[in-house]
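# Geometric and topological summary
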Amino acid sequence: DAEITQSPRHKITETGRQVTLACHQTWNHNNMFWYRQDLGHGLRLIHYSYGVHDTNKGEVSDGYSVSRSNTEDLPLTLESAASSQTSVYFCASGRLAGEQFFGPGTRLTVL
Amino acid sequence: GQQVMQIPQYQHVQEGEDFTTYCNSSTTLSNIQWYKQRPGGHPVFLIQLVKSGEVKKQKRLTFQFGEAKKNSSLHITATQTTDVGTYFCADSGAGSYQLTFGKGTKLSVIP
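Residues numbered from 1 in each chain as written. Chains lettered and ligands numbered in written order. Predicted model: local features only at pLDDT ≥ 70, side-chain atom pairs only at ≥ 80, totals over all residues. Heavy atoms only, no water.

## Structural notes on the pairing of strand 7 (residues 61–65) of chain B
Residues and elements named next belong to chain B. With four of five residues buried, strand 7 is to be regarded as a mostly interior element. Sheet analysis places strand 6 (residues 55–58) next to strand 7, joined by four bridges and oriented antiparallel. Counterpart to Val55 in the pairing with strand 7 is Gln64. Taken together, the five bridges between strand 7 and strand 8 (residues 71–76) define a ladder with antiparallel strand orientation. Within strand 8, the position partnered with Gln64 by the bridge is Ser73. Where strand 7 folds back on strand 8, the antiparallel hairpin that results is connected by five residues, among which Lys69 adopts a positive phi of roughly 60°. (Buried < 20%, exposed > 50% of the residue type's maximum accessible area, 1.4 Å probe, protein only. Helix = DSSP H or I, 4+ residues; strand = E, 2+ residues; numbered from the N terminus. Pairing = 2+ DSSP bridges.)

## Quick look at the pattern of salt bridges
Applying the stated rule across the entire model yields five salt bridges over all chains. Between A:Arg44 and A:Asp38 there is a salt bridge whose closest N-O contact spans 3.0 Å. The residues A:Arg44 and A:Asp38 share a single accessibility class, namely buried. Between B:Arg60 and B:Asp83 there is a salt bridge, and its shortest N-O distance comes to 2.9 Å. With B:Arg60 in the loop between strand 6 and strand 7 and B:Asp83 in the loop between strand 8 and strand 9 (85–91), this residue pair connects regions lying 23 residues apart in the sequence. Its relative accessible area of 5% is what places B:Asp83 among the buried residues. One network of salt bridges, in which partners are shared, links A:Arg36, A:Asp38 and A:Arg44. (Salt bridge = Lys/Arg side-chain N within 4 Å of Asp/Glu carboxyl O.)

## Points about the layout of surface pockets
Approximately 720 Å³ is the volume attributed to the largest pocket. If you go around the largest pocket, you meet 31 residues; those closest to its centre are A:Gln37, A:Leu39, B:Gln37, B:Gly40 and B:Thr86. Of all the secondary-structure elements, those providing two or more residues to the lining of the largest pocket are strand 4 (31–38), strand 9 (87–94) and strand 11 (106–110) of chain A together with strand 9 and strand 11 (105–110) of chain B. It is strand 11 of chain B that contributes the most residues to the lining of the largest pocket, four residues altogether. Split into classes, the residues belonging to the lining of the largest pocket amount to nine nonpolar, 16 polar and six charged. Reported here for the second largest pocket is a volume of approximately 400 Å³. Lining of the second largest pocket is provided by 19 residues; of these, A:Glu59, B:Gln3, B:Val4, B:Thr100 and B:Phe101 occupy positions nearest its centre. Going through the elements one at a time, strand 5 (42–51) of chain A together with strand 1 (5–7) and strand 10 (100–101) of chain B are the ones with two or more residues in the lining of the second largest pocket. The element contributing the most residues to the lining of the second largest pocket is strand 5 of chain A, with three residues. (1 Å grid on protein atoms, 1.4 Å probe; cavity = no way out; pocket = protein on both sides within 12 Å on 5 of 7 lines; lining within 4 Å. Points joined across faces, edges and corners; volume = space filled by probe spheres on them. Nonpolar A, V, L, I, M, F, W, Y, C, P; charged D, E, K, R; others polar.)

## Here's the deal with the sheet that holds strand 1 of chain B
Residues and elements named next belong to chain B. Spatial ordering of the open sheet is given by 1-3-8-7-6, a layout of five strands whose pairing is antiparallel. The sheet terminates laterally at strand 1 and strand 6, the two strands that pair on one side only. Between one strand and the next, the sheet's axes are offset by a mean angle of 15°, whatever the strand orientation. (Axes fitted to C-alpha atoms, helices over the stretch in contact; angles between N-to-C directions.)

The structure is reproduced here in structure tokens:
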């Protein structure tokens with residue numbers, strides 16, 4: 001069955017370190033998205049991609065980057081982790097406007 | 001996508017009671033999606049509404065899109081403990097695959 005996976009599921013890191021969160025989907029979807037979820041803020045879009053080599057900034061992109069070298073993967077990199085980036089991160093993919101399939105999430109703690 | 005306001009933020013109901021969450025925007029929405037997130041889980045797509053005045057049903061769940069396309073609602077009849085979770089509405093802008101989420105309504109069901 002097609003799926004979307006994220007790794008690691010939990011990560012603790014220190015301020016200033018570079019961190020990469022992986023997202024892999026086997027749906028063969030062109031569209032992929034990264035969100036962060038924080039209490040009181042709901043889900044906020046960080047970056048998104050509509051295809052290989054395409055990347056776009058979302059609402060809260062500062063301090064994050066993505067690259068899309070193939071259809072299946074959209075890794076999210078925190079260039080220099082900050083405590084404000086402690087959050088739960090969700091990756092999603094979709095083919096149709098509006099319908100997105102979410103991964104299980106990565107809980108990131110920056111100390 | 002447009003900014004969407006969702007109310008209430010929290011709702012506690014006795015099992016068997018009805019529940020409604022509302023999604024409002026000051027501007028016209030392109031279309032509305034509804035997602036459910038169980039505690040500790042990831043958002044799961046429920047439905048998409050596109051047309052003005054549209055009403056869709058999924059068993060005990062009724063989804064409505066306002067005539068002016070500025071509001072939407074999700075109504076659950078006779079809640080069950082399996083309905084526990086946070087319900088999000090989301091708007092995708094015209095011609096866009098991005099989603100702007102409301103902050104969600106967290107539903108608790110008291111057995």
